[in-house]
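Structural description and commentary
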Amino acid sequence: MAQAYRDETLLSIGELAAASGLSPKALRMYADSELLPPQRVDPFTGYRSYGADQVRRARLIAALRGLGMGLARIRVLCDLDAAAAASELWSWWRQEEADALSRGTAVRALAQDLGGLSPEDTTMTPSATIHDAVPRQVATAVHRGLVRAAQQDATLHRELPGGAVLIAVADGFGADDELSARMLDALADDLVGTLETDPSADPLRALETAWAAAEALVPTEEPDGSTLTAALLQGSRLHLAHLGDTRAVLVHGDRVDPVTQDHTRLRSLVAAGRLSPDEVAAHPDRAVLNRALAAGAPTAPDLLLRRIEAGDLVLIASDGLHAVVDPSALAEALTDPRTDVGALAEQLVAMTLEAGAPDNVALVLARV
């Protein structure tokens, strides 16, 4: 029987994956796009073999895709010598900066048309003071998961003056396991003080002001930090401040609507149509945040406003849940109106554990 021959001077796709930090799936995608074709394909097994000199090219392709560069321009850059490639990279980046500047001008003009001049002087319409949509059921859950040695995720649920309810989740990282919980407490305490002093204060602006109390806890000398997503439910409005990759979703009937967007560099490129979801799933930097409550990172939150109605369900969860649980299974669980929030919280944790739970998980559910 004929046996497949393997040239020991070549790398298998698994060996190239280990050397480059890319997954075999990513290497196959780059081979299919002719960015990184294998040097040899075994005629018997179809196994792909690569040269050792392709490790550097694989790393470069991944880095350039992670920046959002298009495939056609990557092909050009990868075939240049080092000095010319660096010049090509800077040329591309200058155009990116010019594009961002022109979009900023257009955003400012459109915001002015909508009634606000800038993020600093835009004022939100205060929500109506009604209480028929106040949350009546709230449940929280945290679990260390099956891999992590410490619990760094935290949740918060607090009743506020005027019948409002604050719910929040923070996902900490670094050596300080309690940082996320302290940030949540600081935000809640400041928010309570604002609303007690001025019950008519705009909720979204009050959240933004309270955010500074959490931000003040960011260590300046240590690589510790946290994501933070906080929702203030008052009347018929959901006011939300969000930073990081903790997610908030709003469930209305059988519809599950994402409210937040993950603040990762790669996710923003997917949203812009410049990177495919498959590429993100296979990229070594897929979980790297580009905004968080951490030293050296942008710390200003997204400020969001949504309408809520009786029967709606609000979920805030760390990536320990949404990164591992199948989206369709999660949606099915969230849209079951027969499940009370306490049982649903337990169910979501169980689903996470069944999926392997490689990370801490934290979640808050509020049924309006």
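From a predicted model like this one, the values you see are computed outputs, not experimental measurements. (Residues numbered from 1 in each chain as written. Predicted model: local features only at pLDDT ≥ 70, side-chain atom pairs only at ≥ 80, totals over all residues. Heavy atoms only, no water.)

Time to look at the sheet that holds strand E2 (residues 40-41). Across the sheet, which stays open at both edges, the 3 strands sit in the order E1-E3-E2 with antiparallel pairing between neighbours. The outermost strands of the open sheet, each flanked by one partner alone, are strand E1 (11-12) and E2. (Pairing = 2+ DSSP bridges. Helix = DSSP H or I, 4+ residues; strand = E, 2+ residues; numbered from the N terminus.)

Moving on: the sheet that holds strand E14 (residues 313-317). With respect to topology, 5 strands assemble into an open sheet ordered E4-E15-E14-E10-E11, the strand pairing being antiparallel. Strand pairing shows two members of the sheet lacking a second neighbour, strand E4 (137-143) and strand E11 (255-258), which therefore form its edges. Each strand of the sheet is rotated relative to its neighbour by a mean of 15 degrees, with strand direction disregarded. Looking at chain direction, strand E10 (residues 247-252) and E11 are connected through 4 bridges and run antiparallel. Its bridge partner lying in E11, Val-249 is registered against Pro-258. (Axes fitted to C-alpha atoms, helices over the stretch in contact; angles between N-to-C directions.)

Below, the discussion takes up the packing of helix H11 (residues 327-334) against helix H12 (residues 341-354). Close contact between H11 and H12 brings their axes to 11 Å; oriented N to C, the two are set at 165 degrees. Our classification of the angle between H11 and H12 gives roughly antiparallel. For the pair H11 and H12, the sense of crossing is right-handed. Of the residues in H12, those in contact with Ala-329, Leu-330, Ala-333 and Leu-334 of H11 are Leu-344, Gln-347, Leu-348 and Met-351. Within the contact of H11 with H12, the residues separate by chemical class into 7 nonpolar, 1 polar and no charged. (Parallel < 35°, antiparallel > 145°, perpendicular 65-115°, else oblique. Left-handed = near helix turned anticlockwise from the far one by under 90°. Contact = heavy atoms within 4.5 Å. Nonpolar A, V, L, I, M, F, W, Y, C, P; charged D, E, K, R; others polar.)

Turning our attention to the pairing of strand E8 (residues 228-234). In terms of burial, E8 is a largely internal element, 7 of the 7 residues being buried. Side chains Leu-228, Ala-230, Leu-232 and Gln-234 project from E8 onto one buried face, and the interleaved Thr-229, Ala-231 and Leu-233 project onto a second face that is buried too. Where strand E6 (residues 165-173) lies against E8, 5 bridges are found, and the strand directions are antiparallel. Pairing of Ile-167 across the sheet is with Ala-231, part of E8. (Buried < 20%, exposed > 50% of the residue type's maximum accessible area, 1.4 Å probe, protein only.)

Let us look at the packing of helix H1 (residues 13-20) against helix H3 (residues 54-67). Across the interface, H1 lies against H3 with an axial gap of 9 Å and an inter-helix angle of 60 degrees. For the element pair H1 / H3, the angle class is oblique. Handedness of the H1/H3 crossing: right-handed. Each of Leu-16, Ala-19 and Ser-20 in H1 lies in contact with H3, whose residues at this interface are Gln-54, Val-55, Ala-58 and Arg-59. Residues of the contact of H1 with H3, tallied by class, amount to 4 nonpolar, 2 polar and 1 charged.

We now examine the pattern of salt bridges. This structure, assessed with the given rule, holds 13 salt bridges. One salt bridge in this structure joins Asp-359 and Arg-148, with 3.3 Å as the shortest N-O distance. Here the residue Asp-359 occupies a position in the loop between H12 and strand E15 (361-367), and Arg-148 occupies one in the loop between E4 and strand E5 (153-159), the gap between them amounting to 211 residues. Between Arg-291 and Asp-302 there is a salt bridge whose closest N-O contact spans 3.1 Å. Of this pair, Arg-291 sits in the loop between helix H9 (277-281) and strand E12 (293-294) while Asp-302 sits in strand E13 (residues 302-307), and the two are 11 residues apart along the sequence. For Asp-302, a relative accessible area of 23% gives the class partly exposed. What you see here is one network of salt bridges that share partners, running through Arg-158, Asp-185 and Asp-189. (Salt bridge = Lys/Arg side-chain N within 4 Å of Asp/Glu carboxyl O.)

What follows is about the packing of aromatic side chains. Summed over the entire model, instances satisfying the criterion amount to 1 aromatic pair. A centroid spacing of 6.0 Å and a plane angle of 45 degrees characterise the contact between Trp-92 and Trp-93, whose relative ring orientation is tilted. The buried category is assigned to Trp-92, whose relative accessible area is 6%. Of the residues examined, Trp-93 reaches a relative accessible area of 37% and is grouped as partly exposed. (Phe/Tyr/Trp six-rings, centres within 6.5 Å; stacked < 30°, edge-to-face > 60°.)

Among all positions in H11, only Leu-330, Ala-333 and Leu-334 are buried. The buried residues of H11 occupy an angular sector of 95 degrees when projected down its axis, which confines them to one face. In H11, the exposed positions that point more than 90 degrees away from the buried face belong to Ser-328 and Glu-332. Where H11 is buried, its residues meet E10, E11, E14, helix H10 (319-322), H12 and E15. (Arc of directions from axis to C-beta.)

For Ala-331, the position within the fold is in helix H11. Classification of Ala-331 by relative accessible area gives partly exposed; the value is 26%. Along the backbone, Ala-331 and Arg-255 are 76 residues apart, and their C-alpha atoms lie at a distance of 8.3 Å.

A few words on the confidence of the model for the protein. Across the protein, pLDDT averages 86, with 90% of residues at or above 70. Contacts from residues 1-5, a stretch scored under 50 in pLDDT, to residues over four places away or in other chains number 7 contacts. Note that residues 121-132 has pLDDT below 50 and, in this model, 19 contacts with residues that lie over four places away or in other chains. (pLDDT = per-residue confidence, 0-100.)

Turning next to the nonpolar core. Generally speaking, a soluble globular protein has its nonpolar side chains buried in company with each other. Among the nonpolar cores identified, the biggest contains 28 residues, and Leu-160, Leu-166, Leu-187, Leu-191, Leu-207, Leu-228 and Leu-293 are the most heavily contacted of them. The leading source of residues in this core is helix H6 (residues 179-197), at 8 residues. In contact with Leu-160, not counting residues within four places along its chain, are Leu-166, Leu-191, Val-192, Leu-195 and Leu-232. Core analysis: the next-biggest nonpolar cluster, separate from the first, contains 23 residues, Ala-26, Ala-58, Ile-61 and Met-69 among them. (Core = buried A, V, L, I, M, F, W, Y, C linked by side-chain atoms within 4.5 Å.)

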